[in-house]
Amino acid sequence: MDGTEHLDVRREGATLVLTLNRPEARNALSLPMLVGLYDGWVAADADDSVRSVVLTGAGGSFCAGMDLKALAGGGDSMAGQQYRDRLKADPDLHWKAMLRHHRPRKPVIAAVEGYCVAGGTEILQGTDIRVAGESATFGLFEVVRGLFPIGGSTVRLPRQIARTHALEMLLTGRPYPAPEAAAIGLVGRVVPDGTALDTALEIAERVNACGPLAVEAVKASVYENAGVPEAEGLAAELKRGWPIFDTADAKEGARAFAERRAPRFRRE
C-alpha cells in the first residue's frame, strides 16, 4: 500500500513499517495520519506475505497525541476532503486507527524514540511488543488539560501494568522516562537512543522466521483469554491450539528440525 499525508509506509522483507511523519508537530495525530494508520492495519492483515508490523515515528519522536491546535479550532484544518469523507463514511475509523476498536492479527511492534505521550501512549497500549530509546518519554497528560484519555487507557492500562502504577499515570498526568516505563512494564526493552527501530526490526525478523499460523494463533489466544477464569482460558487455548498441530507448517517445522535446516513455512 502507499502512505497518506503524514504517514510513510514501506516494506522490510516480511515486515510492514508504518512511520508517523509529522516531525514538526512531534507526530501529533492528524486525520490523514489516522486514515493512513487504519489502512495500514487492514493492508497488513490482508497480505499473507506480511508477517509483522513495526510502528514508529519520524524525526526523533513517536507521537505527541492528538493535534490540540486542530481540536481547539474545531477540526483538522490540514485534512483534505477525501479524509473527511472517509471519516464520515466510517465514524469509528479513528478508533480503529488508534487500535482501540481494532486488533490486527499480525504482531505489532512499537519502536519509540522521543515523545510518546497522550494519544501516543494510548496507541502504544494496542501494540504487542514495545521497544524504547533511553531518552523516550511516556505519559497520559489528558487530566492536566482537563481532558479524558478516551483512547482506551482507563480500561487497558490497568490490565497491562499494576493498577497502582496505572492510576498514578492516569491521575497525575506526569511524564515517565523510558527506564521507569520499563520498570512498571509499559515497555519491554530500553535501548540506546536512535536504535529503537533497528531493535524492533530485529525482533520482527525473529517473529517472521516462525510459523505464521502458529504466531497468529498464539497472539489471538493471549488476547482472547485475558481476564477469563483459568479453566475457561485453558479450554479455549486447546480449541485454538490443537488445529495448529495438523497444519502442513507444523509438519514442515518438525521436518526442518530433523534435517537441521531452516523451515519453509507456507501458511498451510
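Our subject in this report is the structure included herewith. (Residues numbered from 1 in each chain as written. Predicted model: local features only at pLDDT ≥ 70, side-chain atom pairs only at ≥ 80, totals over all residues. Heavy atoms only, no water.)

**Examining the sheet that holds strand β5 (residues 115–117)**
Picture the strands of a sheet paired through backbone hydrogen bonds; they go either parallel or antiparallel. What counts, and what does not: Paired strands are those between which DSSP finds at least two bridges. Comment: elements are numbered from the N terminus, with helices defined as DSSP H or I runs of at least four residues and strands as E runs of at least two.
The three strands lie next to each other as β5-β7-β8, forming an open sheet whose pairing is mixed. Lying at the two open borders of the sheet, with one neighbouring strand each, are β5 and β8 (176–177). Examined bridge by bridge, β5 and strand β7 (residues 137–139) share three bridges and lie parallel to one another. From the neighbouring strand, Y115 faces β7, where its bridge partner is T137.

**Quick look at the nonpolar core**
We count it as follows: Take the buried residues of types Ala, Val, Leu, Ile, Met, Phe, Trp, Tyr and Cys, join any two whose side-chain atoms come within 4.5 Å, and each joined set is a nonpolar core. Each residue gets one of three labels from its accessible area relative to the maximum for its type: buried under 20%, exposed over 50%, partly exposed in between, using a 1.4 Å probe on protein chains only.
Among the nonpolar cores identified, the biggest contains 46 residues, and L18, L37, V112 and F138 are the most heavily contacted of them. Sort the elements by how many residues they give to this core and helix α1 (residues 31–46) lands first, with eight residues.

**Considering the pairing of strand β6 (residues 129–133)**
Here β6 lies mainly inside the structure; four of its five residues are buried. One ladder, built from four bridges, connects strand β4 (residues 108–112) with β6; its direction is parallel. Bridge pairing in β6 places A110 opposite R130. With three bridges joining them, β6 and strand β9 (residues 189–191) adopt parallel strand pairing. Among the inter-strand pairings, G133 is bridged to a residue of β9, identified as V191.

**Concerning the layout of surface pockets**
Applied cut-off: With a 1 Å grid laid over protein atoms only, a set of points is called a cavity when a 1.4 Å probe fits there but cannot get out and a pocket when it is open yet has protein on both sides within 12 Å along at least five of seven lines; lining residues have an atom within 4 Å of a point. Grid points are joined across faces, edges and corners, and a volume is the space filled by probe spheres set on the points. Classification convention: Asp, Glu, Lys, Arg as charged; Ala, Val, Leu, Ile, Met, Phe, Trp, Tyr, Cys, Pro as nonpolar; all other residues, Gly among them, as polar.
Considered as a void within the structure, the second largest pocket measures approximately 530 Å³ in volume. Those elements that place two or more of their residues in the lining of the second largest pocket are α6 (153–160) and α10 (212–224). Looking at which element gives the most residues to the lining of the second largest pocket, the answer is α6, with four residues. Among the residues making up the lining of the second largest pocket, the classes are represented as five nonpolar, eight polar and seven charged.

Interpretation note: all reported values are geometric properties and have no functional meaning in isolation.
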